[in-house]
Amino acid sequence: MLTRRVAVPMTAAVLAIVAGGCSSGVGGPGKKAPAVLTISPGDGAQKVAPDAGAMVKVADGKLSQVTVADAGGHTVQGTLAADRRSWRSLWTLTPATTYTVDARATGRDGKQVAGKARFTTVTPVTRLESGMAPLDGERVGVGMPVQLLLSRPVTSKDAKAAVERALVVQMSQPVEGAWSWVSDTEVQFRPRDYWPAGEKVKVVAHLAGVKAGNGMWGVKDRSVQFTVGPRHVTTVDAKAHEASVTDGGKVVKTIPVSLGKPGDDSYSGIMIAQEKAADIIMDSATTGNPGAYRIPTKWNVRMTYSGTFFHAAPWSTGAQGNSNVSHGCVNASPDNARWFFDFTSRGDIIEVTGTSRKLRFGNGPTPWAKSWNEWLQGSAVGKPVNPGSGAPSATPS
């Protein structure tokens, strides 16, 4: 579980305050009034909605300490108001968890008042789990999106917006980006343009306590850190039968290739290197055409979920550079395919031009198949992430 610490001060989403509370101290008018603490939820509260959060207020004084922790000692991150008269939890609380609130304040009379409350959050009817990509610590190409994969569908716009607002993207070189829903179980983040080379990114999904449906709550936070490698962009021209490989804008290799023959046209569009495998058996049965071919291939760089690869094809070297004879993949000689395999990282850009078949969005991580405006339309929040804070710039409702 992600450790949450008290932070002062930070920008927080507006959280509902549970009615009622636990108070300590005796208020009264005058300069020497003692502090009066109010804690919400109140002591003994049960089945508290995790998105209600925790709140501590003080009258006739200033807060000196607020700690909200579970039984394991994991503390809740929160924000202290500039006037030190209120504190609120920054993110939603973990479901099915008992929290203890310890608060201290100093009154106008100069005396310290302490308050304590214990409450328990609701147990989910349905648990929402998640996974993330890239891998933690991975170095990726400039086109790699962040993928948040959910264990159950999130269907309503309000619930999707709640998920988005729980996602924080921190960057060493702040750039504009946005989240966009690929399906009800996957939301992706991409920058407006390709990542800057050398970018360091940390993504934290504060999903514990996010309400994602009727009785469905997120149960665990997730985080991932990755770095962006050099700007590798490969352009594959189906008409010229050539792949031009660039590193930082400079052409480093030109590779003769053969693409899909008529009827098996390759996809045109901006793709990324989705994964790499030194050895694969290409089987037409996986494309719905069993028996057409079953061939072992080497130095495979996947470009689509549907089975488009850049790979070695020693049987088509005579066609490479002059004609298209493949079943839709990008064929290269064994030496050139091995070089490309070693050169390429997951997330490197591979753009194919000159075919009649357009890449379909969602055929693997394909964030660049959409324009920036189209990408924004897939966001439930409807606005890009603020590059200064890493949080959505839209005001939470």
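See the structure shown above.
Note that this is a predicted model, so its numbers are computed, not measured. (Residues numbered from 1 in each chain as written. Predicted model: local features only at pLDDT ≥ 70, side-chain atom pairs only at ≥ 80, totals over all residues. Heavy atoms only, no water.)

Next up on the list: the sheet that holds strand 24 (residues 275–283). Hydrogen bonds along the backbone pair up the strands of a sheet, which may run parallel or antiparallel. Taking strand neighbours across the sheet as the criterion, the four strands line up as 24-25-26-27 in an open arrangement whose pairing is mixed. Bordering the open sheet on either side are strand 24 and strand 27 (330–332), each of which pairs with just one other strand. For this sheet, the mean inter-axis angle between neighbouring strands, taken without regard to orientation, is 35°. Two elements, strand 24 and strand 25 (residues 294–302), share eight bridges in a ladder whose sense is antiparallel. Directly across from aspartate 283, in strand 25, lies its bridge partner arginine 294. (Pairing = 2+ DSSP bridges. Helix = DSSP H or I, 4+ residues; strand = E, 2+ residues; numbered from the N terminus. Axes fitted to C-alpha atoms, helices over the stretch in contact; angles between N-to-C directions.)

Before going further, it helps to examine the packing of aromatic side chains. All chains considered together, the criterion is met by nine aromatic pairs. Relative to phenylalanine 343, the ring of tryptophan 339 has its centre 4.8 Å away and its plane inclined at 15°; by these criteria the two rings are stacked. Separated by four residues within a single helix, tryptophan 339 and phenylalanine 343 lie in helix 2 (residues 334–343), roughly one turn from each other. The rings of Trp179, Phe189, Trp195 and Phe226 are connected pair by pair, giving a single aromatic cluster. Note that lysine 298 overlies the ring of tryptophan 299, its terminal NZ or CZ placed 4.9 Å from the centroid. Taking NZ or CZ as reference, arginine 357 lies 4.2 Å from the ring centre of tyrosine 267, over its face. (Phe/Tyr/Trp six-rings, centres within 6.5 Å; stacked < 30°, edge-to-face > 60°. Lys NZ or Arg CZ within 6 Å of the ring centre and 35° of its normal.)

Another point: the pairing of strand 13 (residues 167–171). Of all five residues making up strand 13, four are buried, and the element is well covered by its neighbours. As defined by bridge partners, strand 13 adjoins strand 16 (residues 200–205) across five bridges and the pair is classed as antiparallel. Following the sheet pairing, methionine 171 is matched in strand 16 by valine 201. (Buried < 20%, exposed > 50% of the residue type's maximum accessible area, 1.4 Å probe, protein only.)

Core analysis: the largest hydrophobic core is formed by 39 residues, its most contacted members being Leu148, Trp179 and Val203. Where this core is concerned, the elements lending two or more residues are strand 12 (146–150), helix 1 (157–165), strand 13, strand 14 (177–183), strand 15 (186–191), strand 16 and strand 19 (222–228). Setting aside anything within four residues of it in sequence, one finds valine 203 in contact with Met132, Val146, Val168, Val169, Trp179, Arg222, Ser223, Val224 and Phe226. Grouped together as the second largest cluster of nonpolar side chains are 24 residues, Ile255, Ala312, Phe341 and Phe343 included. (Core = buried A, V, L, I, M, F, W, Y, C linked by side-chain atoms within 4.5 Å. Contact = heavy atoms within 4.5 Å.)

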